[in-house]
Amino acid sequence: MPKNRTVLIKPLITEKSMYRQNEGIYTFLIDNLCNKHEVKDAVEKLFKVKVKDVRTTKIYAKKKRTRNGFFKATKVMKKAIVVLQDSQTIESLNIK
């Protein structure tokens, strides 16, 4: 992993991601330059769990209208869906 770069930016908190946490599936916003191996290593080191699978996808920019009628693009982001081994959970993300 290159220096001066954080792999995991923040957990993605939505209704769907909160529901999937019960199944051992967690969603994170990650750096745009990261790959699956870096995400797997970061989650295993940070939360001390075993990762079974990592899926990544890009969230492309969308046009949003501003107050004065112009359009502005949102950020391009990347998210990772991390599946943990059986019977493992991340305790600090369980927000209920």
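(A) A look at the packing of aromatic side chains. Scanning all chains against the criterion turns up 1 aromatic pair. Ring geometry for F28 against F47: centres 6.0 Å apart, planes inclined by 25°, an arrangement best described as stacked. Note that F28 is positioned in strand 2 (residues 25-30) and F47 in helix 2 (residues 36-47), a separation of 19 residues in sequence.

(B) Spotlight on the pattern of salt bridges. A complete count under the given rule lists 1 salt bridge for this structure. Residue R55 pairs with D53 through a salt bridge whose shortest N-O separation is 3.3 Å. Classification of R55 by relative accessible area gives partly exposed; the value is 40%.

(C) Up close: helix 2. Helix length check: helix 2 (12 residues) gives 16 Å between terminal C-alpha atoms against 16 Å at 1.5 Å per residue, within 8%. By the burial criterion, the buried members of helix 2 are E38, V39, A42 and V43. Down the axis of helix 2, the buried side of the element spans an arc of 130°, and every buried residue falls inside it. Exposed residues pointing more than 90 degrees away from the buried face of helix 2 are listed as H37 and K45. Here the buried face of helix 2 lies against strand 1 (8-11), strand 2, strand 3 (51-59) and strand 6 (77-84). Of the residues that open helix 2, the one with a side-chain oxygen 3.3 Å from the backbone nitrogen of H37 is N35. A positive phi of about 55° marks K48, the residue just after helix 2.

Calculation criteria
Residues numbered from 1 in each chain as written. Predicted model: local features only at pLDDT ≥ 70, side-chain atom pairs only at ≥ 80, totals over all residues. Heavy atoms only, no water. Phe/Tyr/Trp six-rings, centres within 6.5 Å; stacked < 30°, edge-to-face > 60°. Helix = DSSP H or I, 4+ residues; strand = E, 2+ residues; numbered from the N terminus. Salt bridge = Lys/Arg side-chain N within 4 Å of Asp/Glu carboxyl O. Buried < 20%, exposed > 50% of the residue type's maximum accessible area, 1.4 Å probe, protein only. Expected span 1.5 Å × (residues − 1). Arc of directions from axis to C-beta. Contact = heavy atoms within 4.5 Å. Polar contact = N/O pair within 3.5 Å; in protein donor to acceptor, adjacent residues only side chain to side chain.

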